[in-house]
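Here are the chains, one letter per residue:
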Amino acid sequence: MADKEGTAVKVAIRVRPLLEREKIKRCKECLIVLPNKSQLVLGKDQSFTFDHVFNDETTQDTIYNDTVKPLVHSCLDGYNATVFAYGQTGSGKTFTIEGNESEPEMQGIIPRAAAEFFTCINKSYDGDKEKIVVNVSYLEIHLDEVRDLLSSAPEEVHIREDEKGNTLVRGLKEVPVTNCEELQKIMRYGMAVRTTGATQMNEQSSRSHAIFTIHISKQSLTAVRNVEVIYQLSR
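Below is a short write-up of the structure. (Residues numbered from 1 in each chain as written. Predicted model: local features only at pLDDT ≥ 70, side-chain atom pairs only at ≥ 80, totals over all residues. Heavy atoms only, no water.)

1. What about the overall build of the protein?
Phase 1: Summing up its helical and strand segments, the protein has five helices and 15 strands in all.
Phase 2: The buried share among the 235 residues of the protein stands at 32%.
Phase 3: In the protein, the share of contacts with a sequence separation of at least 24, taken over all contacts with a separation of at least 6, comes to 57%.
Phase 4: Within the structure as shown, the protein displays about 15100 Å² of accessible surface, and the carbon and sulfur contribution to it stands at 50%. (Helix = DSSP H or I, 4+ residues; strand = E, 2+ residues; numbered from the N terminus. Buried < 20%, exposed > 50% of the residue type's maximum accessible area, 1.4 Å probe, protein only. Contact = heavy atoms within 4.5 Å. Areas by Shrake-Rupley, 256 points an atom, 1.4 Å probe, with all protein chains shown as cover.)

2. Topic: a nonpolar patch on the surface
Phase 1: On the surface, a cluster of nonpolar side chains totalling about 220 Å² of accessible area is made up of Leu31, Leu42 and Phe48.
Phase 2: Its location among the elements puts Leu42 in strand 3 (residues 39-42).
Phase 3: Overall, Leu42 belongs to the partly exposed group, its relative accessible area being 31%. (Patch = residues over 30% accessible without salt bridge, like charges linked within 9 Å, V, L, I, M, F, W, Y side chains within 5 Å. Salt bridge = Lys/Arg side-chain N within 4 Å of Asp/Glu carboxyl O.)

3. A closer look at the packing of helix 2 (residues 60-76) against helix 4 (residues 109-124)
Phase 1: Helix 4 packs onto helix 2 with a crossing angle of 40° between their chain directions and a minimal axis gap of 10 Å. Classified by the angle between their axes, helix 2 and helix 4 sit oblique to one another. For helix 2 against helix 4, the interelement crossing comes out right-handed. Facing helix 2, whose interface residues are Gln60, Asp61, Tyr64, Val68, Lys69, Val72, His73, Cys75 and Leu76, helix 4 presents Ile109, Arg112, Ala113, Glu116, Phe117, Cys120 and Ile121.
Phase 2: Residues belonging to the contact of helix 2 with helix 4 are distributed by class as follows: ten nonpolar, two polar and four charged. (Axes fitted to C-alpha atoms, helices over the stretch in contact; angles between N-to-C directions. Parallel < 35°, antiparallel > 145°, perpendicular 65-115°, else oblique. Left-handed = near helix turned anticlockwise from the far one by under 90°. Nonpolar A, V, L, I, M, F, W, Y, C, P; charged D, E, K, R; others polar.)

4. Concerning helix 5 (residues 180-192)
Phase 1: For helix 5, which comprises 13 residues, the first-to-last C-alpha distance of 18 Å matches the rise-based estimate of 18 Å (1.5 Å per residue) to within 8%.
Phase 2: All of the buried residues along helix 5 are Cys180, Leu183, Gln184, Ile186, Met187 and Gly190. Here the buried residues of helix 5 occupy an arc of 160° about the axis, which is enough to place them on one side. Of the residues in helix 5, the exposed ones pointing more than 90 degrees away from the buried face are Glu181, Lys185 and Ala192.
Phase 3: Packing partners of the buried residues in helix 5 comprise helix 4, strand 7 (130-142), strand 11 (175-177) and strand 14 (209-220).
Phase 4: Capping the start of helix 5, Asn179 holds a side-chain oxygen 3.2 Å from the backbone nitrogen of Glu181, two or three residues further along. (Expected span 1.5 Å × (residues − 1). Arc of directions from axis to C-beta. Polar contact = N/O pair within 3.5 Å; in protein donor to acceptor, adjacent residues only side chain to side chain.)

5. Section: the pairing of strand 8 (residues 145-148)
Phase 1: Pairing analysis gives four bridges linking strand 7 to strand 8, with the strands arranged antiparallel. Each bridged residue has a counterpart across the sheet, and for Glu140 the counterpart in strand 8 is Arg147.
Phase 2: The turn linking strand 7 back onto strand 8 is made up of two residues, and Leu143 within it adopts a positive phi angle of 55°. (Pairing = 2+ DSSP bridges.)

6. Topic: the pattern of salt bridges
Phase 1: A complete count under the given rule lists five salt bridges for this structure.
Phase 2: The closest approach of N and O atoms between Glu20 and Lys23, which form a salt bridge, is 3.7 Å. Taken together, the residues span about one helical turn, with Glu20 and Lys23 both in helix 1 (residues 20-24) at a distance of three residues.
Phase 3: Relative accessible area serves as the criterion here: at 47%, Lys23 is assigned to the partly exposed category.
Phase 4: Close ionic contact of Glu140 with Arg147 constitutes a salt bridge, the shortest N to O distance being 2.8 Å.
Phase 5: A relative accessible area of 1% places Glu140 in the buried class.

7. A closer look at the packing of aromatic side chains
Phase 1: Per the counting criterion, the structure on display carries two aromatic pairs.
Phase 2: Relative to Tyr86, the ring of Phe84 lies with its centre 6.3 Å away and its plane at 20°, an arrangement referred to as stacked.
Phase 3: A centroid spacing of 5.1 Å and a plane angle of 90° characterise the contact between Tyr138 and Phe212, whose relative ring orientation is edge-to-face. Within this pair, whereas Tyr138 is found in strand 7, its partner Phe212 is found in strand 14, the two being separated by 74 residues in sequence. Comparing Tyr138 with Phe212, the two get one shared label, buried. (Phe/Tyr/Trp six-rings, centres within 6.5 Å; stacked < 30°, edge-to-face > 60°.)

So, to be careful, I would describe these as geometric facts and stop short of saying anything about function.
Have a look at this one:
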């Protein structure tokens, strides 16, 4: 999604704190976040500038409000959006994207975005004038194979391009949801069947790339214009 300045892609960096085993080994922090600047210093003299830079004390709420919340509202205006979390094993991707559901202040991007979607939909929904349908899908890519995390049947899933160059996933199951609780329940189901394995950085590491997609379709009951948007969260 392009902002007012026309920038379609933005990059945010989040620095995680040292782990307990790293403290025991007396590891030292090598990154410095410059205050009031979107700059990161590596070592003594290597400086990098991004759209957002967050230090290890940044809350989940700040991460969401500064980087993702605007995308949620843009989706409801008819724009597609993708949030892509990238980093090595143990860098904090799962915590940022999913967080800890049992503690509200520790919830990650997906549960916060889901709550925001349904709050906005419920506020603006007019059943006499429009029909809104929300579907979700969840897939993983592991060892060059695509697997549907929401399907109990071992159906083949293929990634294809249509005649317009749009990327489509054939055979992927879409599940309808009507509220935030249903969406989070489905997300938990998909998380439970993901491919995991132990690494030196993480005893329960996700060993695949995963894409959780929220598909919102708004159909006008009084006019010709319909809106269909896709919101993707990937890591």
